Amino acid sequence: MAWKEVRSALPAGNYYYSGNEAAAEGAIAAGCRYYAGYPITPSSEIMEWIAVRFREVGGVFIQMEDEIASLSSVIGASWAGAKAMTATSGPGFSLMQEGIGYAAMTETPIVIVDIQRAGPATGQATRVGGGDIMQAKWGSQGDYPVIAISPWSVQEMYDQTINAFNLAERYRVPVILLAEQAVGHLRERMNVVEKIAIFNRRKEKGAAPFGAGDDGVPPMPAFGEGEKLLVTGSSHDDYGLRKVADPLVQARLTARLHNKIVNNREEIIQHEDYYAEDADVIVIAYGFTARSSLFAVEAMRREGKRVGMIRLKTIWPFADSLIRDVGSRAKKIFVPEMNRGQVAGEVMKYTCCDIIPYNQTDGEVIHPNTIMGELRRLL
Amino acid sequence: MAGDMEEYLRPGVRTPFCPGCADRILVRLILRAIAELKIDIDRMLFVSGIGCAAWIPSPHFNADTLHTLHGRAIAFATGAKLFNPELITMVVSGDGDLAAIGGNHLIHAARRNTDLTVICVNNMVYGMTGGQVSPATPMGIFTSTTVEGNRERPFDLCKLVAAAGAEYVARYSVSQPDTLVSSIKRGLETPGFSFIEVISPCHIQFGRRNRLDTAAETLRFFAGKCLMKDEAEGLSPEELRDKIITGEFSNGRNQAD
Ligand SMILES: Cc1ncc(C[n+]2csc(CCOP(=O)(O)OP(=O)(O)O)c2C)c(N)n1
Ligand code: SF4
Ligand SMILES: [Mg+2]
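Everything numeric here is computed off the predicted structure, so don't read it as measured data.

Participant: How should the pattern of salt bridges be read in this particular structure?
Facilitator: When charged atoms on two side chains of opposite charge get close, those side chains can pair. Residue and element names in this part refer to chain A. Evaluation of the coordinates by the stated rule reveals 41 salt bridges over all chains. Its salt-bridge partner being Arg265, residue Asp320 comes within 3.3 Å of it at the nearest N-O pair. With a gap of 55 residues between them, Asp320 in helix H12 (residues 320–329) and Arg265 in helix H10 (residues 265–268) connect regions that are remote in the sequence. The network of salt bridges with shared partners includes Glu156, Glu272, Arg311 and Lys313.

Participant: Can you walk me through the site of ligand 1 in this structure?
Facilitator: Residues in contact with ligand 1 amount to 17 residues; listed here are only the nearest, Cys52, Asp95, Gly96, Asp97 and Gly127 of chain B. Around ligand 1 the close residues trace back to chains A and B. Here an oxygen atom of ligand 1 and a backbone polar atom of Val125 of chain B are 3.0 Å apart. Protein coverage of the free-state accessible area of ligand 1, which is 590 Å², stands at 77%. For the shell around ligand 1, the per-class residue count stands at seven nonpolar, seven polar and three charged.

Participant: Would you mind going over the domain arrangement of chain A with me for this structure?
Facilitator: You'll often see interface size given as the accessible area lost when the parts meet. Residues and elements named next belong to chain A. You can read the domains of chain A as domain 1 (3–199) and domain 2 (271–378). Using C-alpha coordinates to define each centre, domain 1 is positioned 26 Å away from domain 2. In total, about 2000 Å² of surface goes out of reach between domain 1 and domain 2, with carbon and sulfur atoms giving 58% of it. Three residues stand out in domain 1 for area buried against domain 2, namely Ile133, Ser150 and Trp152, and they jointly supply 33% of the buried area on that side.

Participant: Where do I start with the confidence of the model for chain B in this structure?
Facilitator: In low-pLDDT regions, the fine details of the predicted coordinates are not to be read closely. Summarising the model, chain B shows a mean pLDDT of 95, and 96% of its residues fall at 70 or more. With pTM at 0.98, the complex prediction returns an ipTM value of 0.98.

Each value, and the rule that gives it
- Per chain, residues are indexed from 1 in the order of the written sequence.
- Chain labels run from A onward and ligand labels from 1 onward, assigned in the order the entries are written.
- Two thresholds apply to this predicted model, a pLDDT of at least 70 for residue-level local features and 80 or more for giving and counting side-chain atom pairs, whereas whole-chain, interface and lining totals are computed over all residues.
- No hydrogens and no water enter the side-chain calculation; it runs on all heavy atoms of the structure.
- By definition here, a salt bridge exists when the distance from a side-chain nitrogen of Lys or Arg to a carboxyl oxygen of Asp or Glu is within 4 Å.
- Strands here are runs of E lasting at least two residues and helices are runs of H or I lasting at least four, both read from the DSSP assignment and numbered beginning at the N terminus.
- Distances are taken per atom, and a residue is near a molecule or strand as soon as one of its heavy atoms is within 4 Å of it.
- Whenever two N or O atoms come within 3.5 Å, that pair is a polar contact, provided that in protein one can donate a hydrogen and the other can accept it, and provided that, for residues adjacent in sequence, both atoms are side-chain atoms.
- Methods summary: accessible areas were calculated by the Shrake-Rupley approach with a probe of 1.4 Å, and residue burial reflects only the protein chains presented.
- Classes in brief: Ala, Val, Leu, Ile, Met, Phe, Trp, Tyr, Cys and Pro nonpolar; Asp, Glu, Lys and Arg charged; the others, Gly included, polar.
- Start and end points for every domain follow an automatic or database-based domain assignment.
- Simply put, the buried area is the total loss of 1.4 Å probe accessible area from both parts when two parts are fitted together.
- Here pLDDT means the predictor's own confidence in every residue, given as a number from 0 to 100.

Okay, here's the thing in structure tokens:
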């Protein structure tokens, strides 16, 4: 196994960090040593933190000419052997889409932090949004796998950035930390433990770098190791040779890219249950909205109301069997979101129980009182 | 093995190039430069974008190759080179790829003086997609999207890249094989950003629309336009019209102060 226990980059203890700073520290702890970025609110603090800290830990930082270049160079660095990352927000995330598809097709481990702001377009740069959920999954052409994680605290900005690198390396896939401005700019205590587990990409001399391997995830050599690699975003065989008109090659490749994530979803998907066991109304929430939702649910539990919450920590791949299960138990499912119902639509795909979306797109977080008010109407 | 050109070709590869394509010549000339420098090709990384020219290294070269997105080769190469400076990194891509969609990356890499050798394979047209006009198409030339002749001025790519700060800048044609090979060697040996524009004609998409029916005719047409820099000195603008000036335009000394 390529799992390894390593000492955290920061001394163990408590820190008072912003979510963005925590993401930068999580990346460093996970072994990220290449970062390329382009300034954009509300994500720039990640890049600025990295620019300082890479001088101490010995990483390569570069501010590129745009987000297309940032992500392209991150992919290039990953093939040179780096754990590599970039961070951005909506407009930059849009520019990165072609590169995300390329990383998925070439099975390049990379991490992208998207600190979501209010869109569409330039929208409200300093205000919160949650509208990039579907873009994270479907933003580039064709069908391709990604993993997307939704952190709800500064602690998770740290822990889940480490997890994002582990998943990227484990499955050779782009991983998106789909945070919201409210979490990126949140400042609260986080704890660093002495040792963490990290996964480093598997290597095997001479093995097919795009072959099936044991579990659909081939080993990944780096440039400069004498493997004479052919890396291409065109359809390719197990050794990377372009095969752009062979139906069998195309079918095998696209199926394997999909299956290596879907078949391992039990290992990838994380969620948390709060009072969901006996609840009549279940809130399905993620990111910052899960904080407000939990506050509301706990207040109403104290009043004896049978409400509960499921927090989705992983957005993609979607927790389909969890939703099926929840849908078979609950009378109603309430899905509050800072978008026009992107996750609610997914929930509807997997259960036919009564699903009530709540959509707030005013650049503000959803207040616990709002959620309480809505829940009262549903009970 | 260092120095053996045949070993630098990936075994069993069928070339995707049209018969007579000048890029076939360039495959050999780039490898000859590497062989003459006795570089162990396993220390090299070849990065290309999308287009016919981008196929020169991938799959022909028996080395690490990164065939990227249209226009982005230099940005991908930047990441690999910065993370592992040991990789001798060469970018090979077309005029459309490097100068149109990728133009921003080109000037910024030159400005940073990133240690890359960029071969811009200039056929003055978008070969792969059917012969549309490119930012390097000369005025008056017929393409599938300039049916009355191109009315836009082309870039002088060497001037552009030199002005942006590149260490080494040169232009040669595949019809000047020996000087071109020396230039590629100079580029590889120069630390910092090296840019070599190679005139590599496309008879299929460029030639046929401009009454040049064969590969040989197209090659001769361009060869006839090429002048060495010193031959061009003293000629009037009238005499220089339609000429392609070849030679070195920046060779490190410009950057000394
Ligand atoms: C984003 C994007 N836009 C357009 C294309 C289509 N495309 C493929 S190659 C090419 C032009 C290539 O021209 P050039 O770089 O000059 O290479 P040549 O084929 O002439 O050698 C274009 C526009 C693409 N692959 N990706
Ligand atoms: S279309 Fe032109 S550039 Fe492309 S392979 Fe054919 S001759 Fe060469
Ligand atoms: Mg061209």
